Amino acid sequence: IEFIRSYYYNKVELVRFSSSLGKFVGFTQYGLKAADQFNSDAAILAALKAQKETYCLNNVGNDHRNI
C-alpha cells in the first residue's frame, strides 16, 4: 500500500510525496525546490507518514471485504 499526495498547478504535477520513498519528489524546476524545502522539514514528513497509517492501513480490510 502506498500513500501519495501530489500537488498540481495548471494540470502539471509539481511535487509528489510517496510513502514508499518516504520523501517528496519534484518534477519541475519549481517542484525540485519545493521538494527540497519539504524534505528538510521533519514535521511535514512525520505528519504524512502518520496519514498513511490513518487513511491506508486502517482501511485495508474494508477494500478486500467488498470485492
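Above: the structure in question.
These figures come from a predicted structure and were not determined experimentally.

### Details of the environment of A50
- Following the sequence through the fold, A50 ends up in helix 2 (residues 42-55).
- Judged by its relative accessible area of 40%, A50 falls in the partly exposed class.
- For the pair A50 and S19, spaced 31 residues apart in the sequence, the C-alpha separation amounts to 10.0 Å.

### What to know about the nonpolar core
- In this structure, F3, V15, F17, F24, A35, L45, L48 and C56 together form the largest nonpolar core, which totals eight residues.
- Within the residue set of this core, elements represented by two or more residues are strand 2 (12-18) and helix 2.
- Setting aside its immediate chain neighbours within four residues, F24 contacts Y7, V15, R16, F17, A35, F38, N39, I44, L45 and L48.

Here is what the cut-offs are and how they apply
Residues numbered from 1 in each chain as written. Predicted model: local features only at pLDDT ≥ 70, side-chain atom pairs only at ≥ 80, totals over all residues. Heavy atoms only, no water. Helix = DSSP H or I, 4+ residues; strand = E, 2+ residues; numbered from the N terminus. Buried < 20%, exposed > 50% of the residue type's maximum accessible area, 1.4 Å probe, protein only. Core = buried A, V, L, I, M, F, W, Y, C linked by side-chain atoms within 4.5 Å. Contact = heavy atoms within 4.5 Å.

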